[in-house]
Protein chains: 2
Amino acid sequence: MQQRIINPHDLAFQLFELHRTEDVLQYDRYADHSRETLEAALDLALKVAAEEFAPHARLVDEEEPTFENGRVEMRPEVKRALDVLRETGLMAAGQDYELGGMQLPAAVAQMCVGLLKGANVGTQGYAGLTIAAANLILAHGSEEQKERYARPMLAGRFFGTMCLTEPHAGSSLGDLKTRAEPAGDGSYRLKGNKIFISAGDHELSKNIVHMVLGRLPDAPAGVKGISLFLVPKFLVNDDGSLGERNDVALAGLIHKMGYRGTTSTMLNFGEKDGAIGYLVGEPHKGLAAMFHMMNEARIGVGLGAVMLGYTGYLHALDYARDRKQGRPIGEKDPNTGQVPLTRHADIRRMLLTQKAYVEGGLSLCLEGARLVDEKKFADSDAAKAEAAGLLDLLTPLIKSWPSQFCLEANSLAIQVHGGYGYTREYPVEQFYRDNRLNPIHEGTHGIQGMDLLGRKVMQADGQHYRALLKRIRRTIDEALAVPSLADNAVRLDRALAQLVQATDAINVVRVSGATERALANASLYLEAFGHTVVGWLWLRQAQVALTGIDNGGPQPEAFYRGKLRACDYFARYELPRVSSLAGLLAEVDTTALDMTESEF
Amino acid sequence: MQQRIINPHDLAFQLFELHRTEDVLQYDRYADHSRETLEAALDLALKVAAEEFAPHARLVDEEEPTFENGRVEMRPEVKRALDVLRETGLMAAGQDYELGGMQLPAAVAQMCVGLLKGANVGTQGYAGLTIAAANLILAHGSEEQKERYARPMLAGRFFGTMCLTEPHAGSSLGDLKTRAEPAGDGSYRLKGNKIFISAGDHELSKNIVHMVLGRLPDAPAGVKGISLFLVPKFLVNDDGSLGERNDVALAGLIHKMGYRGTTSTMLNFGEKDGAIGYLVGEPHKGLAAMFHMMNEARIGVGLGAVMLGYTGYLHALDYARDRKQGRPIGEKDPNTGQVPLTRHADIRRMLLTQKAYVEGGLSLCLEGARLVDEKKFADSDAAKAEAAGLLDLLTPLIKSWPSQFCLEANSLAIQVHGGYGYTREYPVEQFYRDNRLNPIHEGTHGIQGMDLLGRKVMQADGQHYRALLKRIRRTIDEALAVPSLADNAVRLDRALAQLVQATDAINVVRVSGATERALANASLYLEAFGHTVVGWLWLRQAQVALTGIDNGGPQPEAFYRGKLRACDYFARYELPRVSSLAGLLAEVDTTALDMTESEF
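All residue numbers here refer to positions counted from 1 along the written sequence of the relevant chain. All chains are assigned letters beginning with A, and all ligands numbers beginning with 1, in the order in which they are written. For this predicted model, a pLDDT threshold of at least 70 governs which residues receive local features, and a threshold of 80 or more governs which side-chain atom pairs are given and counted, while totals over whole chains, interfaces and linings are taken from all residues. Hydrogens are left out, water is left out, and the side-chain values use all remaining heavy atoms of the structure.

(A) Highlighting the interface of chain A and chain B. Should any heavy atoms of two residues lie within 4.5 Å, those residues are counted as being in contact. At the junction of the two partners, chain A supplies 97 residues and chain B supplies 97 residues. Computed with a 1.4 Å rolling probe, the buried area is the accessible surface lost when two parts are put together, summed over both parts. Between chain A and chain B, a total of about 8500 Å² is buried, with carbon and sulfur atoms accounting for 54% of that surface. Of all residues in chain A, Tyr422, Tyr573 and Phe600 of chain A give up the largest surface area on contact with chain B, accounting jointly for 11% of the area buried on that side. Any carboxyl oxygen of Asp or Glu that lies within 4 Å of a side-chain nitrogen of Lys or Arg is treated as forming a salt bridge with it. Between the two partners, chain A and chain B, sit 16 salt bridges. With a shortest N-O distance of 2.6 Å, Asp175 of chain A and Arg327 of chain B are connected by a salt bridge. What counts as a helix is a DSSP run of H or I of at least four residues, what counts as a strand is a run of E of at least two, and both are numbered from the N terminus. Here the element with the most residues in the side of chain A that touches chain B is helix α18 (residues 557-574) of chain A; it accounts for eight residues. Only Asp, Glu, Lys and Arg are considered charged in this grouping, and only Ala, Val, Leu, Ile, Met, Phe, Trp, Tyr, Cys and Pro are considered nonpolar; every other residue, Gly among them, is considered polar. Residue composition of the side of chain A that touches chain B, by class: 37 nonpolar, 29 polar and 31 charged.

Structure representation (structure tokens):
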């Protein structure tokens, strides 16, 4: 199977050597699984990704969905791919057996989705949103809602959406205005306008279940007055058959720079008598319900960013190996043949940077996925609590770091291709356009930075933060004892010390009450923190690779040596970024904050 | 005139306060000019840019040129805008009066082009290439070639192209294969294939003059065997009328991520009997002739990158001022109204970063343009030589720094817009796609890095490099004496010292003969050097702004204060990058160089 989605050695290394996914099979939930069943699921996902998803990725970019006669029309390949996804059972890979799922560990389930995203992020979007919406119903809905809506969604007969954003409010969800009036029969009538609703309308499934944030008549202002409603495109009868069309109208499509395969819509709820909706969970607790699902959704975004970076890297690597151009420095004879691009130092640097970003980002996402399982199933409550805390802390990094640096990897993949990379005749420019969404949706960098510095670092009186530092220091201590890793450990130790110093300086300002000043550079703090954590994960990858070399591990020796080299690269080329950021963070610089509007 | 191309205060500040463009009016060539004539030319260019170029910038992106019945078809707005450009005399603004030009100083002439690029880089491309090709003929062609081809090009009746790249050779020009056989009548017959030929075919002008690199039959291999030929699309009779169609065929169009308005073509020369071409300059000296024009061409690329960043910044600023979203930190009452985006620290930071990049980049390009004039017209040979040397040294920075950081500014402009920025309903995503070309064409970052570190820094035994250091140190010394600038001067001094240390360390390795090792991180050296030079230019901007405040200069005080703030920003947020890069450069790190192919 020809695929440029992932390096299979790296997939095996990360899941089974680094993150030891087999360990979670001790949990009762995964008792039926073995290394073999996990690998079978991954093989299947990779096969579907390579054979059903990747081939039409360019096509849905070139011929994006259109709005014709009130309907969304799109290429038929999308439906065919999603049909295969449903038929193979991959649609609900992480769900309970009882719900038609494969009950896979979180890391493997996320990875199955990640492979599809790397192959064709546009087509995967329809399935991804459906699962996200179904998960909301499963977590907060009534038994009847689960039966009537979530089951057909997991089976792929209904698709789903998340309807949060409104035109005037954007990320400020507390300002949303969609109103829900009780109809007297237990249902509600919704009126409001939503924007940027991915997969908001299409003909891919028999029905679409919208999960809509709105306000009840007695709702308090702000985020404390938001409730969650389930609003189907077609009403569903008691026997599961479809009834009338609900009062949800497609107002138009939004045309994006990339990610074009997933149609983005404006939806009007209640243009006539009000869209019929059903309350999910408690009144006024809608935002909490939504955020309850956020950790996993944000891991999904981070992993999507990684996989777009990853496929770009593999394309660039293949191109650089095949393409002959120029001569080595010092070769003066123009009669000698041209050499492959990989012979040039700058090309190697750009490839190694991509490798460090995408494999580092993958590590980070899988660390998060591992914590998802630990927090639910670990042996003790203390272990569960620690995992939950670490996951909370890491989530903004998992969402944002790959969105920033794997996008940069996509830019480098273009650069390796030279002029060809800038053309639509090669795929790397599309990965770059597609990936540019990831720093925006599911909370921008700015929002992730505020979440990390304004909430997570301080959460539980800084306990999660300290737990993470402890884990990082443990790795540093171990690595210091290994001569070939000691230098990198010293570099990570320096970065960590600078990050801690910056955190402490910021906390002094925060404690003084100057919150705005303390948080002014939260986005840069996010970046420095992310680089430190990925530096830690690279050191761990190097530890495991060294073990692999020493003990003749399952991957080729050159692969393990590449891991050591990438760890060197990250420590030497990337960790200095932490210093330069930590310096100004420790000064709690307010140059930007103090800029007045008239000075721009 | 509503325009979001440039801040007029900044344009006046940079040209007349910072770079003192009036000083060059002392040169005989500019004797007829005054501040008023320069401003009139700039006003005209800005008017044409805003009224004729900007309005169809999105249109030529959405409906890019197509290949129909052997012809290139495009939107009629392109021809209309170029007609206006010709009629206003702006086409040849920098050329001699005698050639129909305005004989403007280089900085003003470049700026006129820059304004057009900021408005619509795709449409400007046709004019830009024509002038570049005409300049080649003026510099190296025969009188007859100038009369028959260059004059109609400057008048906008013929357009031009630069045909360098071939599919198998890319940047490795020494490997190009196009052959030119003498026809016995003084002309040549060319056969070969060229790729990425911008504006290679169209119906915008009566004729297209291709400037083609090829090889004579007796040519030595490599770059020393390349000659330059003039190959018209239609032969030109002695009376200037058009004759037969030449044997140049459009093989196809290339579809790009951005910059779509300028069609990119594959051209086949000599599919039949050979394309009739004329030697320009000496045999085998074609590459030198081409490179002779490179400084100005590269300033043009750098300035184009700046102007795309600049228009993105102004769009983001307007959006952030208008768009209300969220509340200040600490405002807990959701019943208060939402505030403009500019109220948020992270938005201000992103706007200030854009300002620092685009205004810093503009400064850099205009520094280069000033040197272009000095090198030609300065009072003494020594001054001319120093200007020429500095220009050679700065050229790779002028080409690459804006291509990297003003592209980053475009990414931040998207981020300020949030989800809207990612849609094609707003213009910022197009600027980002358009600007992504600039790190590639006219020599990639990798090539610029090798040019800087491998050639320019060492040129004339390091004399140009030392001359630049001297100028930077002079500014630092002056600023150290001014209390409000001293801290920034100290920071620049530190960055400069680290750059010098890195340069010295690299030179030790180079002198030892390990050239490949010495140059392994040339691209990162380029980045560190560029940041240092832009830091210097920001300190100079701050000096001038301070004078403006003290003496009640021509710009509003808030504008000058913004310059001081942006200088603070650059010194505090950006110069630390130099440290982190200089560290690994000083170590002459070879992690990437040593990576073997099997380890990826």
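(B) The arrangement of the packing of aromatic side chains in detail. Centres within 6.5 Å make a pair out of two Phe, Tyr or Trp rings, where for Trp the six-membered ring is used; the pair is then stacked when the planes are under 30 degrees apart, edge-to-face when over 60, and tilted otherwise. By the definition in use, this model includes 39 aromatic pairs over all chains. Ring centres of Tyr319 of chain A and Tyr426 of chain A lie 6.0 Å apart, and the angle between their planes is 85°; this geometry places the pair in the edge-to-face category. Placement of the pair is Tyr319 of chain A in helix α9 (residues 294-322) and Tyr426 of chain A in the loop between α11 (381-417) and α12 (428-435), with a sequence separation of 107 residues. Type-normalised accessible area, obtained with a 1.4 Å probe on protein chains alone, sets the label of each residue: buried when under 20%, exposed when over 50%, and partly exposed for intermediate values. Note on Tyr319 of chain A: relative accessible area 12%, which makes it buried. For the ring pair Tyr357 of chain A and Trp401 of chain A, a centre distance of 5.9 Å and an interplane angle of 85° mean the geometry is edge-to-face. Residue Tyr357 of chain A is found in helix α10 (residues 345-377), and its partner Trp401 of chain A is found in helix α11; the two are separated by 44 residues along the sequence. By the burial criterion, Tyr357 of chain A is buried, and Trp401 of chain A matches it. Working rule: Lys NZ or Arg CZ, within 6 Å of ring centre, within 35 degrees of ring normal, means a charge sits over the ring. Across the ring face of Phe16 of chain A, the terminal group of Arg35 of chain A is positioned such that the distance to the ring centre comes to 3.9 Å. Looking at Arg436 of chain A, its charged tip hangs above the ring of Tyr432 of chain B, at a distance of 5.8 Å from the centre.

(C) Molecular detail of the pattern of salt bridges. Residue and element names in this part refer to chain A. In total, this model carries 96 salt bridges over all chains according to the counting rule given. Arg4 is the salt-bridge partner of Asp318, the closest N and O atoms lying 2.5 Å from each other. Highlighted residues: Asp318 in helix α9 and Arg4 in the segment before α1 (8-18), separated in sequence by 314 residues. Judged by relative accessible area, Arg4 falls into the partly exposed class, the value being 31%. Overlapping salt bridges, with partners in common, bring together Arg58, Asp61, Arg260, Glu429 and Arg433 in one network.

(D) Local environment of the relation of the copies chain A and chain B. It takes a turn of 180° to lay chain A on chain B, together with a shift of 0.0 Å along the axis; the resulting RMSD is 0.0 Å. Each copy turns onto its partner about a two-fold axis. When C-alpha positions in chain A are compared against the rotation axis, the closest is assigned to Ser580 of chain A, at 3.2 Å. Both copies present the same face, since 100% of the interface residues in chain A are matched by interface residues at the equivalent positions in chain B. When the copies are superposed, the least-squares fit takes in the C-alpha atoms of residues with a pLDDT of at least 70 in both.

(E) Spotlight on the pairing of strand β5 (residues 188-198) of chain B. Residue and element names in this part refer to chain B. Here four bridges tie strand β4 (residues 179-182) to β5, and the two strands are oriented antiparallel to one another. Across the sheet, Glu181 pairs through a bridge with Arg189, a residue of β5. Between β4 and β5, which follow one another and run antiparallel, lie five residues, and Gly184 among them has a positive phi close to 95°. Of the strand pairs in this sheet, β5 and strand β12 (residues 275-280) are connected by three bridges, and their pairing is antiparallel. Across the sheet, Leu190 pairs through a bridge with Ala275, a residue of β12. A pair of strands is labelled paired if DSSP reports no fewer than 2 bridges between them. Note that β5 and strand β11 (residues 264-269) share five bridges and pair antiparallel. Note on β11: the bridge partner recorded for Asn193 is Asn268.

(F) Looking closely at the state of the cysteines. Two cysteine sulfurs form what is called a disulfide whenever their separation falls within 2.5 Å. Summed over all chains, the structure comprises zero disulfides over all chains. Cys365 of chain A supplies the cysteine sulfur nearest to Cys112 of chain A, a cysteine that is in no disulfide, at a spacing of 15 Å. Judged by relative accessible area, which is 3%, Cys112 of chain A ranks as buried. Cys567 of chain B takes part in no disulfide bond, and the closest cysteine sulfur to it belongs to Cys406 of chain B, at a distance of 17 Å.

(G) Main features of helix α6 (residues 121-140) of chain A. In a helix, the anticipated span is given by 1.5 Å times the number of residues less one. With 20 residues, α6 of chain A extends 28 Å from end C-alpha to end C-alpha; this agrees with the ideal 28 Å at 1.5 Å per step. The buried fraction of α6 of chain A is high, at 15 of 20 residues.

(H) Just the side chain of Thr262 of chain B, in detail. Residue and element names in this part refer to chain B. In this structure, Thr262 sits in the loop between β10 (248-254) and β11. There is a polar contact of 2.6 Å between the side chain of Thr262 and the backbone oxygen of Gly122. Beyond its immediate sequence surroundings of up to four residues, Thr262 is in contact with Val121, Gly122, Gly125, Tyr126, Ser198, Ala199 and Lys256. Any pair of nitrogen or oxygen atoms within 3.5 Å is treated as a polar contact; in protein, a donor-acceptor pairing is required on top of that, and neighbouring residues in sequence qualify only through side-chain atoms on both sides.

(I) Molecular detail of the side chain of Gln124 of chain B. All names here are of chain B. Counting through the fold element by element, Gln124 comes out in helix α5 (residues 106-140). Gln124 sits in the buried class, given a relative accessible area of 5%. Once residues lying within four places of it in the same chain are set aside, the contact partners of Gln124 are Phe53, Val113, Leu116 and Lys117.

(J) Broad picture of the UniProt feature "domain: Acyl-CoA dehydrogenase/oxidase N-terminal" (unreviewed entry) in chain A. UniProt positions are given in the numbering used here, feature names are shortened, and annotations may be inferred rather than shown by experiment. As annotated in UniProt, the feature "domain: Acyl-CoA dehydrogenase/oxidase N-terminal" (unreviewed entry) corresponds to residues 37-156 of chain A in the numbering used here. Here residues 37-156 of chain A runs as 68% helix and 5% strand, with 23 Å between its end C-alpha atoms.

(K) The arrangement of the pairing of strand β9 (residues 242-245) of chain A in detail. Residue and element names in this part refer to chain A. Inspection of the sheet shows strand β8 (residues 234-236) paired to β9 by two bridges, in the antiparallel sense. Bridge pairing in β9 links Val236 to Leu242. Connecting β8 to the next strand, β9, in antiparallel fashion are five residues, including Gly240 with a positive phi near 90°.

(L) Region of interest: the domain arrangement of chain A. Residues and elements named next belong to chain A. For the domains described, the bounds stem from an automatic or database domain assignment. Each assigned domain of chain A is listed here: domain 1 (8-144), domain 2 (158-284), domain 3 (293-328 + 338-443) and domain 4 (444-590). Domain 1 and domain 2 are separated by 25 Å when their C-alpha centres are compared. Contact with domain 1, which involves 26 residues of that partner, is made by 28 residues of domain 2. Summing both partners gives a buried area of about 2400 Å² for domain 1 against domain 2, and 71% of it is carried by carbon and sulfur. Among the residues of domain 1 in contact with domain 2, Val72, Tyr126 and Leu129 are the three that bury the most area, contributing 24% of the side total. In this structure, the connection of domain 1 to domain 2 is made through two salt bridges. When the shortest N-O distance is used, the salt bridge between Arg260 and Asp61 registers 3.9 Å. Remark: the boundary between domain 1 and domain 2 carries five residue pairs in polar contact (both at pLDDT 80 or more). By residue number, the principal contributor to the side of domain 1 that touches domain 2 is α6, which donates eleven residues. Among the residues making up the side of domain 1 that touches domain 2, the classes are represented as 15 nonpolar, seven polar and four charged.

(M) The UniProt feature "domain: Acetyl-CoA dehydrogenase-like C-terminal" (unreviewed entry) in chain A, seen in detail. On the UniProt side, "domain: Acetyl-CoA dehydrogenase-like C-terminal" (unreviewed entry) is annotated at positions that read residues 468-595 of chain A here. Secondary structure content for residues 468-595 of chain A is 85% helix and 0% strand, and the end C-alpha separation is 35 Å.

(N) Quick peek at the environment of Asp238 of chain B. All names here are of chain B. Turning to its location among the elements, Asp238 is positioned in the loop between β8 (234-236) and β9 (242-245). Taking C-alpha positions, Asp238 is 9.7 Å from Glu144, a pair spaced 94 residues apart along the chain. Among the polar contacts made by the side chain of Asp238, one reaches the side chain of Arg148 at a distance of 2.6 Å.

(O) Looking closely at the packing of α1 of chain A against α10 of chain A. Residues and elements named next belong to chain A. Interaxial distance between α1 and α10 falls to 11 Å at its minimum, and their mutual angle equals 40°. Handedness of the crossing formed by α1 with α10: right-handed. For the pair α1 and α10, the contacting residues are Asp10, Gln14, Leu15 and Leu18 in the first and Glu359, Leu362, Ser363 and Leu366 in the second. Grouping the amino acids of the contact of α1 with α10 by side-chain chemistry returns four nonpolar, two polar and two charged. What counts as an axis is a line fitted to C-alpha atoms, over the stretch in contact for a helix, and the angles between N-to-C directions run from 0 to 180 degrees. If you view the pair so one helix is near and one far, a crossing is left-handed when the near helix is turned anticlockwise from the far one by less than a right angle, and right-handed when it is turned clockwise.

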